[in-house]
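A structural walkthrough
The residues making up each chain are set out below.
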Amino acid sequence: MDVKQLTNCRVGLMAWQLLIIAFYIAGVERHGFNIAALVNLLLQSMYLAKFFWWEYGYFNTLDIILDRAGYYICWGCLVWVPCLYTFSSYYLVAHPPQISNLAAVGAALLGVATTLLNYRVDYEKQVFRSAPDGKCVLWGKPARYIVANLVTSPGKSRKLLVSGFWGVARHLNYTFELVATLAWCLPGWGLGLWPFLYFYFLVALLVHRTFRDEEKCSAQYGDSWELYCKEVPYRLVPYVF
Ligand code: NDP
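Residues numbered from 1 in each chain as written. Predicted model: local features only at pLDDT ≥ 70, side-chain atom pairs only at ≥ 80, totals over all residues. Heavy atoms only, no water.

- As named in an unreviewed UniProt entry, the chain is 7-dehydrocholesterol reductase, taken from Timema podura.
- Listed under Subcellular location (unreviewed entry) in UniProt, the entry text for the chain is "Membrane".
- Of the chain, the UniProt comment under Sequence similarities (unreviewed entry) reads exactly: "Belongs to the ERG4/ERG24 family." (UniProt positions renumbered as here; feature names shortened; annotations may be inferred.)

**Observations regarding the packing of helix α1 (residues 3-31) against helix α5 (residues 71-85)**
- One way to put it is that α1 packs onto α5 with a least axis distance of 9 Å and a crossing angle of 10 degrees. If you check the angle between α1 and α5, you find them roughly parallel. Contacts between α1 and α5 involve V3, K4, T7, N8, V11, G12, L13, A15, W16 and L19 from the first element and I73, C74, C77, L78, V81, P82 and Y85 from the second.
- Of the residues assigned to the contact of α1 with α5, the class counts are 13 nonpolar, three polar and one charged. (Axes fitted to C-alpha atoms, helices over the stretch in contact; angles between N-to-C directions. Helix = DSSP H or I, 4+ residues; strand = E, 2+ residues; numbered from the N terminus. Parallel < 35°, antiparallel > 145°, perpendicular 65-115°, else oblique. Contact = heavy atoms within 4.5 Å. Nonpolar A, V, L, I, M, F, W, Y, C, P; charged D, E, K, R; others polar.)

**Topic: the packing of aromatic side chains**
- Overall, the coordinates contain 30 aromatic pairs when judged by the stated rule.
- With centroids separated by 6.0 Å and ring planes inclined at 55 degrees, the aromatic side chains of Y85 and F201 adopt a geometry described as tilted. Of this pair, Y85 sits in helix α5 while F201 sits in helix α9 (residues 197-221), and the two are 116 residues apart along the sequence.
- Given the relative accessible area of 12%, Y85 is considered buried.
- Judged by centre distance (6.2 Å) and plane angle (90 degrees), the rings of W189 and F196 are edge-to-face.
- Classification of W189 by relative accessible area gives exposed; the value is 56%.
- F196 gets classed as buried once you look at its relative accessible area, which sits at 8%.
- Taken together, the ring pairs in this structure connect W16, Y47, Y71, W75, W80, Y85, W184, Y198 and F201 into an aromatic cluster.
- Just above the ring of Y145 sits the side chain of K159; from NZ or CZ to the centre is 5.7 Å. (Phe/Tyr/Trp six-rings, centres within 6.5 Å; stacked < 30°, edge-to-face > 60°. Buried < 20%, exposed > 50% of the residue type's maximum accessible area, 1.4 Å probe, protein only. Lys NZ or Arg CZ within 6 Å of the ring centre and 35° of its normal.)

**What to know about the pattern of salt bridges**
- Applying the stated criterion to the full structure yields seven salt bridges.
- For the salt bridge of R120 with E124, the shortest nitrogen-to-oxygen distance reads 2.9 Å. Placement of both R120 and E124 in helix α7 (residues 101-130) is noted, with a separation of four residues, approximately one turn of the helix.
- Judged by its relative accessible area of 30%, R120 is partly exposed.
- Ionic pairing is found between E214 and R235, a salt bridge with its closest N-O pair at 3.0 Å. On the criterion of sequence distance, the pair formed by E214 in helix α9 and R235 in the segment after α10 (223-231) is long-range, its members being 21 residues apart.
- Given a relative accessible area of 7%, E214 falls into the buried group. (Salt bridge = Lys/Arg side-chain N within 4 Å of Asp/Glu carboxyl O.)

**Focus: the pairing of strand β3 (residues 145-149)**
- On β3, burial follows the alternation: I146 and A148 on one face are buried, whereas Y145, V147 and N149 on the facing-out side are not.
- For β3 and strand β4 (residues 157-161), the ladder comprises five bridges, and the chain directions are antiparallel. Within the sheet, the bridge partner assigned to N149 lies in β4 and is S157. (Pairing = 2+ DSSP bridges.)

**A look at the UniProt feature "transmembrane region" (unreviewed entry) in the chain**
- Following the UniProt record, one finds the feature "transmembrane region" (unreviewed entry) at residues 7-26, 32-49, 70-93, 99-119 and 189-207.
- Taken end to end, residues 7-26 comprises 100% helix and 0% strand; its first and last C-alpha atoms sit 26 Å apart.

Rendered as structure tokens:
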């Protein structure tokens, strides 16, 4: 049994889905039907469905390959995820959305597009890493890559993709995830700062995680990582950061 898969995938993320459904129903019982509240529920449900569709890819993430099943992961998945990640929906129970139906539809379109893009970035890496010798086609062209020698296991190497989204910035999956999160928080626009609590947290978590991941990759690949960073100089937003 994998403790990390159990706590995150089977408890934390399933609690997230169940709680937001409960919050949505509570909001409808109190204030009646509201499109913006539905958008808040559906975008998160889509994100969670995407996660479970891609769950195999989760086994190659930092949570599994770097972090241990200690306090950070276990408490985070069992307590922090159900409480904080669901907070925008929880807040809407007592404070019905104020945004127009048109704005809600705009938020829905933004959320759907960025959730699909987040999936696409992860998917490109998954396809590339599982292709024999890295031979696959991305964006209509054969994928380009750097052969990165493993400092930690001399004589061995892995491939770092420099095509598709992985050639645009080093962590575009995080960028799209942040915008998707902002989209499902937008139904709380006009209700103060609280509905965006999870978004603020995620900005801090993913920016910090970008540095954590790069520290790990730099220690693992040494000069090859430097080469990759020269080839793909931006972390989250091309030409900005
Ligand atoms: P990544 O999927 O970006 O994985 C990083 C790892 O990928 C690196 O350590 C490296 O590992 C490998 N890698 C890096 N660059 C390349 C490249 N160019 N080509 C091939 N492999 C490369 O990060 P995460 O695991 O953090 O995130 C996975 C997903 O989970 C994302 O969609 C993210 O948004 C989401 N997420 C959501 C969180 C939330 O709380 N909502 C928290 C964290 C993540 P190696 O080379 O050793 O294989």
